[in-house]
Amino acid sequence: MPTAAVTAGDGPETTAGREALRKLKSTDPPLYLCPSEDLSKAARLASEYLFSSLKPYTPKSPFSHLLVNGFDAEQIWQQIDLQTQPLISSLRRQVKKFEKNPEEIRNLFNLGEKDKKNDGNDVGTISNGDEKMENEEGFDEFEDEEMEGDDDDDEEEEEEEEEEEEGNAHEGKEEDGGGGGVEDNFLKIKELEEYLEEDEAREYGLKKEKKQGKRDQEDDNDKEGDDEDEDDDEDEEEEDDELGVMGVDVGEDDESGEELENARYEDFFGGKGKMGQKRKSKLLHGSDNLDMDGELSEESSDDEKNQSQKKQKLSTHEKELEKLHSTIEQMEKANLEPKTWTMQGEVTAAKRPKNSALEVDLDFEHNVRPAPVITEEVTASLEELIQKRILEGRFDDVQKPPTLPSRAPREVKELDENKSKKGLAEIYEEEYVQKSGLVSTAVSISDQQKKEAGMLFKELCLKLDALSHFHFTPKPVIEDLSIQANVPALAMEEIAPLAVSDAAMLAPEEVFTGKGDIKEDSELTQAERKRRRAKKKRKFKAVAAKRMANKVQHSSLQNRVDGNEES
Amino acid sequence: MLRRNVRLRREYLYRKNLEGKERLLYEKKRKIKQALEEGKPIPTELRNEEAALRQEIDLEDEYTAVPRSTIDDEYANATERDPKILLTTSRDPSAPLTQFVKELKFVFPNTQRMNRGGQVISEIIETCRAHDFTDVILVHEHRGVPDGLVISHLPFGPTAYFGLLNVVTRHDIKDKKAIGTMPEAYPHLILDNFSTKLGERTANILKHLLPVPKPDTKRIITFANQSDYISFRHHLYEKRGGPKSIELKEIGPRFELRLYQIKLGTMDQDEAQTEWVLRPYMNTSKKRKMIGD
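Keep in mind that this is a model prediction, so the values were computed, not measured.

Caption draft 1: Representation of the overall build of chain B. For chain B, the helix and strand inventory stands at 7 helices and 11 strands. Counting across all 293 residues of chain B, residues that qualify as buried make up 42%. Long-range pairs, those at least 24 residues apart, make up 65% of the contacts in chain B between residues at least 6 apart in sequence.

Caption draft 2: Representation of the overall build of chain A within the structure. Per the secondary structure count, chain A includes 21 helices and 0 strands. Contacts in chain A between residues at least 24 apart in sequence constitute 64% of all its contacts with a sequence separation of at least 6. Counting only carbon and sulfur atoms, one obtains 53% of the accessible surface of chain A, whose full area is about 42000 Å².

Caption draft 3: Representation of the packing of aromatic side chains. Counted under the stated rule, the structure contains 4 aromatic pairs over all chains. Ring geometry for Phe232 of chain B versus Phe255 of chain B: centroids 4.6 Å apart, planes at 5°, classification stacked. Note that Phe232 of chain B is positioned in strand E8 (residues 229–239) and Phe255 of chain B in strand E10 (residues 254–263), a separation of 23 residues in sequence. Note on accessibility: Phe232 of chain B and Phe255 of chain B belong to one class, buried. Taken together through their ring pairs, the aromatic side chains of Phe100, Phe223, Phe232 and Phe255 of chain B make up a single cluster. Sitting over the face of the ring of Trp341 of chain A, Arg352 of chain A holds its NZ or CZ atom 5.5 Å from the ring centroid. Over the face of the ring belonging to Phe106 of chain B we find Lys105 of chain B, whose NZ or CZ atom lies 5.1 Å from the ring centre.

Caption draft 4: Expanded view of the interface of chain A and chain B. Facing 29 residues of chain A, the contacting portion of chain B comprises 49 residues. Buried area between chain A and chain B, summed over both chains or domains, comes out near 3500 Å², and the portion from carbon and sulfur atoms is 62%. Among the residues chain A hides against chain B, the three largest losses belong to Asn367, Arg369 and Val398 of chain A. Together they make up 22% of the total. For the side of chain A that touches chain B, the secondary structure elements donating two or more residues are helix H17 (376–392) and helix H19 (445–468) of chain A. Here the side of chain A that touches chain B takes 9 residues from H17 of chain A, the largest share from any one element. Here the residues of the side of chain A that touches chain B are counted per class, giving 17 nonpolar, 6 polar and 6 charged.

Caption draft 5: Spatial organisation of the environment of Asp132 of chain B. All names here are of chain B. Tracing the backbone through its elements, the reader meets Asp132 in the loop between helix H5 (121–130) and strand E3 (135–142). The class for Asp132 is partly exposed, based on a relative accessible area of 46%. Considered as a pair, Asp132 and Leu154 are 22 residues apart in the sequence and their alpha carbons are 8.4 Å apart. Every residue in contact with Asp132, bar those within four places of it in the chain, is listed here: Arg81 and Lys84.

Caption draft 6: View of the packing of helix H2 (residues 37–54) of chain A against helix H3 (residues 73–100) of chain A. Residue and element names in this part refer to chain A. At a minimum axis distance of 11 Å, the contact between H2 and H3 shows a crossing angle of 30°. Crossing of H2 against H3: the hand is left-handed. On H3, the residues that touch Arg44, Ser47, Phe51 and Leu54 of H2 are Ile76, Gln79, Ile80, Gln83 and Leu87. Taken together, the residues of the contact of H2 with H3 break down into 5 nonpolar, 3 polar and 1 charged.

Caption draft 7: Broad picture of the nonpolar core. Residues and elements named next belong to chain B. Core analysis: the biggest nonpolar cluster contains 38 residues, and Leu149, Phe162 and Phe223 have the highest contact counts within it. The dominant element in this core, judged by the number of residues it contributes, is helix H4 (residues 95–107), at 5 residues. Every residue in contact with Leu149, bar those within four places of it in the chain, is listed here: Leu104, Ile137, Leu138, Val139, Ala160, Tyr161, Phe162, Leu164 and Leu257. Core analysis: the next-biggest nonpolar cluster, separate from the first, contains 11 residues, Ile124, Ile125, Cys128 and Leu138 among them.

Caption draft 8: Quick look at the pairing of E10 of chain B. Residue and element names in this part refer to chain B. Of all 10 residues in E10, 8 are buried, a share of seventy percent or more. Across 8 bridges, the pairing between strand E5 (residues 159–168) and E10 is antiparallel. When the sheet's bridge partners are listed, Tyr161 is paired in E10 with Gln261. Pairing of E8 with E10, which is carried by 3 bridges, proceeds in the antiparallel orientation. Within the sheet, the bridge partner assigned to Ser231 lies in E10 and is Glu256. Relative to strand E11 (residues 274–277), E10 runs antiparallel, the two being bridged by 3 bridges. In the strand pairing of E11, Ile262 is matched with Trp276.

Caption draft 9: Seen up close, helix H18 (residues 424–436) of chain A. With 13 residues, H18 of chain A extends 19 Å from end C-alpha to end C-alpha; this agrees with the ideal 18 Å at 1.5 Å per step. Once H18 of chain A ends, the next one or two residues include Gly437 of chain A, with phi positive near 80°.

Caption draft 10: Local environment of the pattern of salt bridges. All names here are of chain B. Within the structure shown, the criterion is met by 19 salt bridges over all chains. The partner of Glu50 in a salt bridge is Arg54, with the nearest N and O atoms 2.5 Å apart. One end of the pair, Glu50, and the other, Arg54, are both in helix H2 (residues 50–59), 4 residues apart, so they sit about a helical turn from each other. Overall, Glu50 belongs to the buried group, its relative accessible area being 16%.

Caption draft 11: The confidence of the model for chain A, seen in detail. Residue and element names in this part refer to chain A. This prediction gives chain A a mean pLDDT of 70; 58% of its residues lie at or above 70. Taken as a whole, residues 1–9 scores under 50 in pLDDT and shows 13 contacts with residues more than four places along the chain or in a different chain. Of the regions scoring below 50 in pLDDT, residues 159–181 engages in 65 contacts with residues more than four places distant in sequence or in other chains.

Caption draft 12: Representation of the packing of helix H1 (residues 2–38) of chain B against H2 of chain B in the model. Residue and element names in this part refer to chain B. Contact geometry for H1 and H2: axes closest at 10 Å, N-to-C directions at 90°. By the angle between their directions, the pair H1 and H2 is classed as roughly perpendicular. Where H1 approaches H2, its residues Leu25, Lys28, Lys29, Ile32, Lys33 and Leu36 are matched on the opposing element by Glu50, Leu53, Arg54, Glu56 and Ile57. Considered class by class, the residues forming the contact of H1 with H2 number 5 nonpolar, no polar and 6 charged.

Here is what the cut-offs are and how they apply
All residue numbers refer to positions counted from 1 along the written sequence of the respective chain. As a convention, the first chain written is A and the first ligand written is 1, with the rest following in written order. Residue-level local features of this predicted model are given only where pLDDT is at least 70; pairs of side-chain atoms are given and counted only at 80 or more, and the full residue set underlies all totals for whole chains, interfaces and linings. Water and hydrogen atoms play no part in the side-chain values, which are based on all heavy atoms of the structure. Strands here are runs of E lasting at least two residues and helices are runs of H or I lasting at least four, both read from the DSSP assignment and numbered beginning at the N terminus. When accessible area is computed with a 1.4 Å probe and restricted to protein chains, residues below 20% of their type maximum are described as buried, those above 50% as exposed, and intermediate ones as partly exposed. Contact criterion: two residues are considered in contact whenever any of their non-hydrogen atoms come within 4.5 Å of each other. Computed with a 1.4 Å probe, the accessible areas rest on the Shrake-Rupley method; for each residue, only the protein chains presented here act as cover. Side-chain rings of Phe, Tyr and Trp, where Trp is taken by its six-membered ring, are said to pair if the distance between their centres is within 6.5 Å; with planes under 30 degrees apart they count as stacked, over 60 as edge-to-face, and otherwise as tilted. Criterion for a charge above a ring: Lys NZ or Arg CZ within 6 Å of the ring centre, and within 35 degrees of the ring normal. Defined here as a combined quantity, buried area equals the accessible surface (1.4 Å probe) lost by two parts on assembly, summed across both. All amino acids are sorted into three groups, where Ala, Val, Leu, Ile, Met, Phe, Trp, Tyr, Cys and Pro are nonpolar, Asp, Glu, Lys and Arg are charged, and the leftover types, Gly among them, are polar. Axis lines are fitted through C-alpha atoms, for helices just across the contact stretch, and the angle between N-to-C directions can take any value from 0 to 180 degrees. When the near helix sits turned anticlockwise from the far one by under a right angle, the crossing is termed left-handed; a clockwise turn instead gives a right-handed crossing. Here the nonpolar core consists of buried residues drawn from Ala, Val, Leu, Ile, Met, Phe, Trp, Tyr and Cys, with membership extended through side-chain atoms lying within 4.5 Å. Two strands qualify as a pair provided DSSP detects at least 2 bridges between them. An expected span of 1.5 Å times one less than the residue number is assigned to each helix. One speaks of a salt bridge when a side-chain nitrogen belonging to Lys or Arg is within 4 Å of a carboxyl oxygen belonging to Asp or Glu. pLDDT expresses, on a scale from 0 to 100, how confident the predictor is about each individual residue. Here is the rule for angles: anything less than 35 degrees is roughly parallel, anything more than 145 is roughly antiparallel, 65 through 115 is roughly perpendicular, and the remaining ranges are oblique.

Shown next as structure tokens:
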């Protein structure tokens, strides 16, 4: 594992750390799967070593050493994380910058003779570092797939951290070893400026590298001492104010300060020649503006000159309009073409490229509530509920049914202690009446209830039989003959109030049927009385005569018989 | 036997027919009772029938006062005897399924397990009816994981079809000493969050699988409903230490039940009426909670 940069460190510790790193690098990947003490120790050592070597480059790190003993993977990782997060972001920015402009490296480092060597080394180590990063990333993925078991987890996490750190260490060493006193603040401002300018260049298609360089220097002079945030804000404001017209290529250092100060309106909107020519050469970096591209392809310089002048005459509004037109044209073109398969309606597997459905994020509406995942909390809440119920004693058990009485409760005969209201004779009278059956009265209430119950049960049985027999004949209705005594109803009921009196049980016609004017004996006049007596006599006489006739007949018969006998 | 069955079925239908009228009567009686309690005059529409109804009210006891729905009439006499359950599987059960069924046999008291063999369902049900079983439980599986449970109450009772999820059997937990043996005392039962009518019906079906326990048993079975998924848990509890501390030890299998159908006949009656069936493809099915709240 080549470490080109020199890092200050304690002799024995660095060597131990390097040894550990070497060892880890040399072990086969599958060996990491089994928990092993050596690997774990080596990983810890390596992490410590890397941490302490990176310490000088991260001013904000709160730890002086990586605390490894007695800490678990999570905690170690947190410490490393604290250190590396700001480091990584700054390194990324640096790398981007270097990608754009490799010459910058030389300028930044400001090293005289060592330049070439260092550059060569740095470039070499940069490429090595890149490779290493790639290797490590590949390795990390491999490890991710194979993580199983607690012990394995710890170890592998540590190894991952350590590998990432190695990459970081490399990049850190390259840059910071050469740069010396480069501060974080400064780097960030520059980065932001460049980015903003580039962005605006892309937007509005104008590149002014001269202005850029001048502004850089001005900014440096003005803002070195301020806070980062303020700087950033101010940068942005400046950019916005000037509508990005200042937006230019990434810094070129051969611009002179005079041109920036002399930047006038004519330069942008009416300048003839000066700016236009210089700008022409920067147009090679391309833009969204089709006109510009058209310009580039033309051969005549005059034409270019003229058109570039026209270009400058366009205000921002016109530029925006041009951009809008170009987007409209693009969209119209897209509409004319056939749509992608995701935009078409029903697409079978044959109509789309292979495995393309895996790449697209398909969204289904699920109408079913998903099955519950039984987590610790769910179990805990269930157990709480159960405990509560047990404490209250509130169970939902099956209850024993209330048993119906199988036998009717015995009638408890109470001895009435009051003096009987009826005399003894009356009691005997009632008994006799009951026995003879002249008056049918219910003796006790329970009898009445029994009768009622009997009737109800008969009805019920009738209904049940109706349900259950195929051939069902109902019982014939017997009209019962009952003699109704012509006794007033009052005597039939015991408990009727006195005020109520029903009439006699027999209807008047049943008592007497007769016609005409019926008069009583006392009402008759003398003549009437005589008439009645005469009638009676006549009737009596008629009856007597008949009797006599019957007698004579009878006797004649007898005489004849006797006569027969006599003679 | 056949004629008896026919008569019983006809009785059931007749009673179901009367249910509407009974409900009316019940309403009238209730109004009269209310009026009497409050001391208000009886509503005019009931004046004619008031005397007869009042008599009936006096003669009522707690059994007859509440109108019985014919639907739950199936469990009217169930509380008088201890339930007797038969446990079987679908055909050709795998080894994990037989283990699970063995565990279930100990969970519900008074259960018998039977090998399925090649029996037809109607045969099973007829033999059970002949031997006076009260319930039949059938367990289905998918590649070793139990995934279906069918509980059928026997004298033409309702059949409930459940799906099983997240099944954890006692056999999964390798440490035998930690689990220990399963006690066989009659357990207490907790039914939580069965608040709708359908929920009450399901609670009834599940409740009558267990007999009447002694009040001091230490074994407790829980059916807790959460958004239509019923969790089954089986614990042993101990009152240790102070008055408010209960220690729960989980024994027995653990699974979630999901009801998807209730039919009003036994398993072998395919043409029986469905009381309720799950509708998962309805647009509002995500919002509806059919069993609890």
